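# Chain and residue survey
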Amino acid sequence: MNMPQDPFHHLHDEAYLSAFDQPRLQADTLLALGGRPQQSLDGDWHFTLDLFDEGLRQKWYTLAQAPAQAWTHPRDYDPYTGGTVAVPANWSMLRPETLHFEGGGWYTRIIDHVPDPDCPITVLRVGAANYQSRVFLNGHFMGTHLGGSTPFCVDLSEALLPGPNRLQIQVDNRRELDRVPMRHVDWFNHGGIYREVCLLRLPSLHIRSAKVDWTPERGLCVRIRLNQTLDTVAHCQVPALGLRLEIPIHAGQGEAFAHCNPRMWCPDDPHLYDVHFECGQDRLEDRVGFRHISVSGTQLLLNGEPIFLRGICVHEDDVRLGKVSTEADVRRRFADARAMGCNFLRLSHYPHHEHVARLADEVGILLWEEIPVYWAIDFANPRTLADALNQLHELIERDHNRASVIFWGVGNENADSDARLSFMRTLAQSARQQDPSRLISAACLINREHFRIEDRLAEHLDVIGINEYFGWYEPGFEGLQRLLDQSNPDRPVLITETGADAKAGHHGRDDELFTEECQARILSEQVRISASKPYVCGIAPWLLYDFRSERRHTVFNGGFNRKGVIAEDKQTRKLGFFALQKRYTILRAR
Ligand code: GCU
């Protein structure tokens, strides 16, 4: 005889999370937006913070809509009443008392469904939510997504009813040992759904992924993946090149090649082509630049020509909006970088909003994109590796067609160990296998034992990134000169970080810590010395704007990392900005 469940079971069940661990929403179900019609779900959602995960313990997602008088049992939360928040937004930015909140948050929205026989598939697409998201529809658990900076999709079709449907997303931004990143980071741990949310209505047979790139050897290469493993034909057109490719599809996948000589995309001429993909009733559009990035010995080549990367690093952080990124903010970011003489940005330390690479394609700025394998990571944990691999695949799936993106970065400042080597080698090999058209790199640390740019991981990378702070964390530049002189890399080296903190408006001697003069001298010396080495293919100082960091509490920092060459108001340019501008003008003329 079935015993009625003890109504207080949830008070004693500390294994409650295991019920929400599968299915995982991963890269293979990600859908390209590609100009498809979208029903935006941005705007107000009912919202509550849930520090103790009561919603998962007590199954708030099973609560039906009813006026309080009709409730048969007392409730701890009613997802249909009470406060709402705007999506996209970070809950840290909503009000002072939620700034440092780390825990769960519940989003509830009623969506009205009108069945369409031509488009029977309805997919929810979330641009990003930090960190773990659990999706529920009408009380059914639809799946969970790990990773705070990449998009995910959920096919709602099975559980969707005609008329009103209750869609709920529980997001948890806790810093955990098995996550990527782990617990300790030098940026602000914003929480919530902070990128756009929409519904896509699709024909039963549709294109999941449409990748296109160009190499001198094969010309144009198109790869299509469908949502069904059947045999059929797809087409790809590039009208401006007079190209119409027929792509035979076997078991849902297909590729085709065409020799052609497109106008090459580059920062000085960011030419884009309209590309159309078709299969059955489904259509996708994209605007793509064709370029070729490669290395030859210790030289970096763009379209076969040597290029030096005059760069800067940047975080996705804003004093008012947190991690919410707007096109206007990104255009300002590019304008500031351009004004400094940059042709390259390192988007650190996690995937930024997908409009960043689209806009970079348009304005002609080269990009490094990375996943947050940052500092200490549980490298020996297979769950952590699976999470990192999936974040990498989602990033590549999302931005594969972006000409501006030339690097996939698989990590930052990870101490050497066998577990780390195996973990990051797997990431590098997987990135190369998924996208042979780009360069793989990582921001490595100096080999202190030999005092050289040397890392066991290097043989799995195309370009060695190196983070060094001579002049700041290590006084003087003799060490930098000795490091560069003693190193003998067999591939290009990119200075992926260097710099110094300066409080905007704080002036003094150029050897006085935290003055603008000191930051300017350090940045100028760093570029002068590093760019003098033939194997150095570029430099990306740390960084464009000051940003929030809960690790920094001197009177100069006040909760901000102040290595920006522009203050957190994104207006006030420090002397460091002009020092880099001067150095980059010299380099550009080189
Ligand atoms: C590190 C790290 C950055 C950090 C910077 C700093 O290199 O990669 O995330 O902000 O140093 O100390 O300012």
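Before reading on, note that the structure itself is shown above.
Calculation rules
Residues numbered from 1 in each chain as written. Predicted model: local features only at pLDDT ≥ 70, side-chain atom pairs only at ≥ 80, totals over all residues. Heavy atoms only, no water. Helix = DSSP H or I, 4+ residues; strand = E, 2+ residues; numbered from the N terminus. Rg over C-alpha atoms; globule rule 2.2 N^0.38 Å. Buried < 20%, exposed > 50% of the residue type's maximum accessible area, 1.4 Å probe, protein only. Core = buried A, V, L, I, M, F, W, Y, C linked by side-chain atoms within 4.5 Å. Contact = heavy atoms within 4.5 Å. Axes fitted to C-alpha atoms, helices over the stretch in contact; angles between N-to-C directions. Parallel < 35°, antiparallel > 145°, perpendicular 65-115°, else oblique. Left-handed = near helix turned anticlockwise from the far one by under 90°. Nonpolar A, V, L, I, M, F, W, Y, C, P; charged D, E, K, R; others polar. Pairing = 2+ DSSP bridges. Phe/Tyr/Trp six-rings, centres within 6.5 Å; stacked < 30°, edge-to-face > 60°. Lys NZ or Arg CZ within 6 Å of the ring centre and 35° of its normal. Salt bridge = Lys/Arg side-chain N within 4 Å of Asp/Glu carboxyl O. Expected span 1.5 Å × (residues − 1). Near = heavy atom within 4 Å. Polar contact = N/O pair within 3.5 Å; in protein donor to acceptor, adjacent residues only side chain to side chain. Areas by Shrake-Rupley, 256 points an atom, 1.4 Å probe, with all protein chains shown as cover.

## Focus: the overall build of the chain
In terms of regular secondary structure, the chain is built from eight helices and 32 strands. By the compact-globule yardstick of 25 Å for 590 residues, the chain fits well, its C-alpha radius of gyration being 25 Å. Taking the principal axes of the C-alpha coordinates as reference, the chain spans close to 80 × 60 × 45 Å. By residue count, 61% of the 590 residues in the chain fall in the buried class.

## Looking at the nonpolar core
Ranked by internal contacts, the top residues of the largest apolar core, which has 75 residues, are Ile312, Leu345, Leu367, Val373, Leu427 and Val565. Among the elements that make up this core, the one with the highest residue count is helix 5 (residues 418–434) (six residues). Look past the residues within four positions of Val373 in its chain and what remains in contact with it is Val180, Phe379, Ala388, Val410, Gly411, Asn412, Asn414, Phe423 and Leu427. If you look at the next biggest cluster of nonpolar residues, it comprises 28 residues, including Ile293, Phe407, Tyr469 and Cys537.

## Let's talk about the packing of helix 6 (residues 478–486) against helix 7 (residues 516–530)
Remark: helix 6 packs on helix 7, axes separated minimally by 10 Å, with the N-to-C direction vectors making an angle of 20°. Looking at the two axes, helix 6 sits roughly parallel to helix 7. Of the two possible hands of crossing, helix 6 and helix 7 adopt the one that is right-handed. Every residue of helix 7 that contacts helix 6 at Leu480, Gln481 and Leu484 is listed here: Gln526, Ile529 and Ser530. Grouping the amino acids of the contact of helix 6 with helix 7 by side-chain chemistry returns three nonpolar, three polar and no charged.

## Section: the sheet that holds strand 8 (residues 140–146)
With antiparallel pairing, the six strands of this open sheet are ordered in space as 3-2-4-10-7-8. Looking at the sheet topology across the chains shown, the edges are occupied by strand 3 (84–87) and strand 8. Each neighbouring strand pair of the sheet contributes to a mean axis angle of 30°, computed without reference to strand direction. Relative to strand 4 (residues 104–113), strand 2 (residues 43–50) is paired through five bridges, and the arrangement is antiparallel. Within strand 4, the residue paired with Leu49 across the bridge is Gly105.

## Focus: the packing of aromatic side chains
By the definition in use, this model includes 26 aromatic pairs. Ring geometry for Phe20 against Phe136: centres 5.9 Å apart, planes inclined by 70°, an arrangement best described as edge-to-face. Of this pair, Phe20 sits in the segment before strand 1 (38–40) while Phe136 sits in strand 7 (residues 132–137); the two residues are 116 residues apart in sequence, bridging distant segments of the chain. Taken as a pair, Phe20 and Phe136 share a single burial class, namely buried. Put simply, the rings of Phe20, Trp60, Tyr61, Tyr77, Trp106, Phe136 and Phe141 touch in pairs and so form one group of aromatic residues. Lying across the ring of Tyr545, Lys570 places its NZ or CZ 5.3 Å from the centre. Sitting over the face of the ring of Phe308, Arg590 holds its NZ or CZ atom 5.0 Å from the ring centroid.

## Some remarks on the pattern of salt bridges
Where charged atoms from two side chains of opposite charge come close, those side chains can pair. Counted according to the given criterion, the structure contains 56 salt bridges. As a salt-bridge pair, Asp172 and Arg174 come within 3.5 Å of each other at their nearest N and O atoms. With respect to burial, Asp172 and Arg174 carry one shared label: buried. Close ionic contact of Glu369 with Arg398 constitutes a salt bridge, the shortest N to O distance being 3.9 Å. With Glu369 in strand 25 (residues 366–370) and Arg398 in helix 4 (residues 382–399), this pair connects stretches of sequence that are 29 residues apart. Classification of Glu369 by relative accessible area gives buried; the value is 1%. Overlapping salt bridges bring together Asp53, Arg134, Asp172, Arg174 and Arg179 as one network.

## A look at the packing of helix 2 (residues 327–339) against helix 3 (residues 354–363)
Following both chains from N to C, one finds helix 2 and helix 3 inclined at 45°, their axes separated by 10 Å at the closest point. Classed by the angle they form, the pair helix 2 and helix 3 counts as oblique. Helix 3 is crossed by helix 2, and the crossing has right-handed handedness. Residues Glu327, Val330, Arg331, Arg333, Phe334 and Arg338 of helix 2 touch helix 3, and the partners they reach there are His355, Val356, Leu359, Ala360, Glu362 and Val363.

## What to know about the environment of His460
Along the chain, His460 falls in the loop between strand 27 (439–444) and strand 28 (463–467). Between the C-alpha atom of His460 and that of Thr62, which follows or precedes it by 398 residues, the distance is 49 Å. Each residue touching His460, except ones within four places of it in the same chain, is listed here: Arg425, Ala428, Gln429, Arg432 and Ile440.

## Structural notes on the environment of Leu33
Mapped onto the secondary structure, Leu33 falls in the segment before strand 1. C-alpha of Leu33 to C-alpha of Arg491: the two residues are 458 residues apart in sequence and 36 Å apart in space.

## Points about helix 7
Taking 1.5 Å per residue, 15 residues should reach 21 Å; helix 7 reaches 21 Å between its end C-alpha atoms and fits that length. By the criterion of burial, helix 7 is predominantly enclosed, with eleven of the 15 residues buried. Tucked inside the fold, the buried residues of helix 7 contact helix 6, strand 29 (493–497), strand 30 (536–539) and helix 8 (575–589).

## Looking at the sheet that holds strand 16 (residues 243–249)
Strand order in the open sheet formed by four strands is 16-15-18-19, and the pairing between neighbours is antiparallel. Only two strands of the sheet have a single partner each, and these edge strands are strand 16 and strand 19 (282–288). Put simply, the sheet's adjacent strands are angled 20° from each other on average, direction ignored. Across seven bridges, the pairing between strand 15 (residues 232–238) and strand 16 is antiparallel. For His235, the partnering residue across the bridge sits in strand 16 and is Glu246.

## Considerations on the site of the ligand
Neighbouring the ligand are 14 residues; Asp186, Tyr374, Glu413, Tyr473 and Glu497 lie closest to it. Within the side chain of Tyr374, a nitrogen or oxygen atom sits 2.6 Å from an oxygen atom of the ligand. One of the side-chain N or O atoms of Glu413 is found 2.4 Å from an oxygen atom in the ligand. Considered on its own, the ligand offers 310 Å² of accessible surface; in the complex 97% of this is hidden by protein. In terms of residue class, the shell around the ligand is built from five nonpolar, four polar and five charged.

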